[in-house]
Amino acid sequence: MALASGTLGLGIAEFVMMGILPNVAHDLGISIPQAGHFISAYAIGVCVGAPLTVVVARTRPLKQILLGLAMIYIVGNLFASMSVNYWMLLLMRFVSGLPHGAFFGVGSIVAERVADKGKASQAVALMIAGMTIANLFGVPFGTLLSNLFSWRFPFVFNALWGVLIFYLIWRWIPYMPALPDVGLKGQFRFLKRLAPWLIILTTMFGNGGIFCWFSYVTPQMIHEAGFSPHSMTAVMMLAGLGMTIGNLVGGKCGDLYGLAPVIRVTQMVMVLSLLGIFFFTRNPYLSVILMFVCTACLFAVSPPQQLLLLQNSRGSEMMGAACVQIAFNLGNAVGAYLGGLPIDAGMGYRYPSLVGVFIVLLGLVCISIYVKRAKNSSQLA
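About the cut-offs
- Residues numbered from 1 in each chain as written.
- Predicted model: local features only at pLDDT ≥ 70, side-chain atom pairs only at ≥ 80, totals over all residues.
- Heavy atoms only, no water.
- Helix = DSSP H or I, 4+ residues; strand = E, 2+ residues; numbered from the N terminus.
- Rg over C-alpha atoms; globule rule 2.2 N^0.38 Å.
- Buried < 20%, exposed > 50% of the residue type's maximum accessible area, 1.4 Å probe, protein only.
- Contact = heavy atoms within 4.5 Å.
- Areas by Shrake-Rupley, 256 points an atom, 1.4 Å probe, with all protein chains shown as cover.
- Domains from an automatic or database assignment.
- Buried area = accessible area lost by both parts, 1.4 Å probe.
- Salt bridge = Lys/Arg side-chain N within 4 Å of Asp/Glu carboxyl O.
- Axes fitted to C-alpha atoms, helices over the stretch in contact; angles between N-to-C directions.
- Parallel < 35°, antiparallel > 145°, perpendicular 65-115°, else oblique.
- Expected span 1.5 Å × (residues − 1).
- Phe/Tyr/Trp six-rings, centres within 6.5 Å; stacked < 30°, edge-to-face > 60°.
- Core = buried A, V, L, I, M, F, W, Y, C linked by side-chain atoms within 4.5 Å.
- pLDDT = per-residue confidence, 0-100.
- Left-handed = near helix turned anticlockwise from the far one by under 90°.
- Nonpolar A, V, L, I, M, F, W, Y, C, P; charged D, E, K, R; others polar.
- Patch = residues over 30% accessible without salt bridge, like charges linked within 9 Å, V, L, I, M, F, W, Y side chains within 5 Å.

Turning to the overall build of the protein, a few remarks are in order. If you tally the helices and strands in the protein, you get 16 helices and 0 strands. Computed over the C-alpha atoms, the radius of gyration of the protein is 19 Å, within 12% of the 21 Å expected from 2.2 N^0.38 for a compact globule of 381 residues. Burial statistics for the protein: of 381 residues in total, 62% are counted as buried. Look at the contacts in the protein between residues 6 or more apart in sequence, and 84% of them connect residues 24 or more apart. Carbon and sulfur atoms make up 71% of the accessible area of the protein, which amounts to about 14,600 Å² in all.

This is the structure in structure tokens:
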């Protein structure tokens, strides 16, 4: 619960921007694609924060690292709520993203260590469940606060939630000694092999393709599918429900059928769902169903990806586990940017999903190569 409370807060911080994007853009006097930069800034913060944590804190006890990350989360969100212009909010979104990848990395190590034998993927899924619950309740709640009062209120809520995260970690996470220090170079030694890179690229392209579309899901649902702005709270709750179910199913299937095969099949479904959104976006019923499937797929691959890279980075677990979140959020940043290009070109809000199809296909190629190379090895167990 302590770890899940952290991922819940991180999930709200990362994904709430999708629901409040039009309000932020209007208040700051910028375009919606420009507001999409706040999604990218958070994602870049994740990519910087994870390796920075390894450099600074790799010799510290795991619990102490988690407490420090919670403090950064509080500061970033508190000052984001006070932002007076585009640049200040951009900077605070970057700061808010710094603890994200490292928290998932350290949290995955803790979760794997306390898991029962044969249930490591499910244990990681339970930790990640906080993020899916954030999308089920936290993000819609943030969207509602933004619509009723101001887009600043969700960030105030995040800062207050951060205080609770800090307390729960301090109270409930058991003491675990620091990981063996293999030196700074040792933390990156696993990247000399091809297998970790294939997993990283699979994660980056798969999530990047979904975020091409999901970054602009609110305007797509309003302007293409015909939903009213006030109905977006319910729509975002349904997206969160898809993430919650997908995460738990992905964790269970990863333990039963193997991590890499589950990732590959899920990315095939991603491609078909994004194509469906492009062709049937004006049908509100199909749009909602396909949104549910896409968000379920987004988190169905998360526990298997997290654990698969952890297994492929023994001796460098902190960096290995963090690399999944780096790849995830680098994909988010690139996806949000590329998804905004057809909108800037005046092509409409359904075209980001088509861009996403081609990006997910790249991820599907990478995981297929991994499966082929590891077909007879324990990596597929």
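Along its sequence, the protein is organised into domain 1 (1–181) and domain 2 (183–380). The C-alpha-based centres of domain 1 and domain 2 are spaced at 18 Å. When the two sides are added together, the surface that domain 1 and domain 2 hide from each other amounts to roughly 4,200 Å², 72% of it contributed by carbon and sulfur. Summed over the three residues of domain 1 that lose the most area to domain 2, namely Met18, Val54 and Ser121, the buried surface amounts to 13% of that side. Taken together, the elements giving at least two residues each to the side of domain 1 that touches domain 2 come down to helix H1 (2–28), helix H2 (32–35), helix H3 (37–57), helix H4 (62–80), helix H5 (86–114) and helix H6 (120–148).

The next subject is the pattern of salt bridges. Applying the stated rule across the entire model yields 2 salt bridges. With a closest N to O distance of 3.8 Å, Arg152 and Asp27 form a salt bridge. In this pair, Arg152 is assigned in helix H7 (residues 152–172) and Asp27 in helix H1, connecting sequence segments 125 residues apart. Residue classification places Arg152 among the partly exposed residues on the basis of a relative accessible area of 24%. The residue Arg282 makes a salt bridge to Glu224 at a minimum N-O spacing of 3.4 Å.

A word on the packing of H5 against helix H14 (residues 302–311). Here H5 crosses H14 at 80°, and the two axes come no closer than 11 Å. Put simply, H5 runs roughly perpendicular to H14. Between H5 and H14, the residues in contact are Phe104, Ser108, Ile109 and Glu112 and Gln306, Leu307 and Leu310, respectively.

Its 26 residues place the ends of helix H11 (residues 232–257) 36 Å apart at the C-alpha level, agreeing with the 38 Å of an ideal helix rising 1.5 Å per residue. Where H11 terminates, the next one or two residues include Gly258, which has phi positive at roughly 105°.

We now examine the packing of aromatic side chains. Counted according to the given criterion, the structure contains 16 aromatic pairs. Aromatic side chains Phe141 and Phe157 sit 5.5 Å apart centroid to centroid with 70° between the ring planes, which places their arrangement in the edge-to-face category. Pair noted here: Phe141 is in helix H6 and Phe157 is in helix H7, with a separation of 16 residues, a long-range link. According to the relative accessible area criterion, Phe157 is partly exposed, its value standing at 28%. When the centroid spacing of 6.2 Å and the interplanar angle of 25° are considered together, the rings of Phe157 and Trp161 count as stacked. With Phe157 and Trp161 both in helix H7 and 4 residues apart, the pair spans about one turn of that helix.

With that settled, the discussion passes to the environment of Leu354. Mapped onto the fold, Leu354 is located in helix H16 (residues 351–373). Taking relative accessible area as the criterion, Leu354 reaches 24% and is therefore assigned partly exposed. Distance in space between the C-alpha atoms of Leu354 and Pro342 is 9.8 Å, their sequence separation being 12 residues.

Attention now goes to the side chain of Thr218. By the secondary structure assignment, Thr218 is in helix H10 (residues 217–224). Here Thr218 is in contact with Met18, Gly19, Pro22 and Met232, once residues within four sequence places are set aside.

One finds Phe15, Phe38, Trp213, Phe214 and Tyr370 to be the most contacted residues of the largest nonpolar core, which totals 126 residues. Among the elements that line this core, the one with the most residues is H1, at 15 residues.

Within the secondary structure, Thr295 is located in helix H13 (residues 284–300). If sequence neighbours within four positions are ignored, Thr295 has contacts with Trp213, Phe214, Ala239, Gly242 and Met243.

The subject of this paragraph is the confidence of the model for the protein. In this model, the protein carries a mean pLDDT of 87, and residues with pLDDT of at least 70 account for 98%. Across the protein, element-level confidence peaks in helix H12 (residues 259–280) with a mean pLDDT of 95 and bottoms out in helix H8 (residues 183–187) with 76.

Before going further, it helps to examine the packing of H3 against helix H15 (residues 317–344). One way to put it is that H3 packs onto H15 with a least axis distance of 8 Å and a crossing angle of 160°. As summarised for this structure, H3 and H15 are arranged roughly antiparallel, according to the angle between their axes. Taken as a pair, H3 and H15 cross one another with a handedness that is left-handed. Here Ile39, Ser40, Tyr42, Ala43, Ile44, Val46, Cys47, Ala50, Pro51 and Val54 of H3 come into contact with H15, specifically with Met318, Met319, Ala322, Gln325, Ile326, Asn329, Leu330, Asn332, Ala333, Ala336 and Tyr337. Residues of the contact of H3 with H15, tallied by class, amount to 17 nonpolar, 4 polar and no charged.

A cluster of nonpolar residues, Ile44, Val48, Leu52, Val55, Val56, Leu184 and Phe188, forms a patch on the protein surface that exposes about 560 Å² of accessible area. Examining the composition of the nonpolar patch, we find that 5 residues originate from one element, H3, more than from any other. You can see Phe188 is positioned in the loop between H8 and helix H9 (194–214). In this structure Phe188 comes out as partly exposed when scored by relative accessible area, which is 31%.

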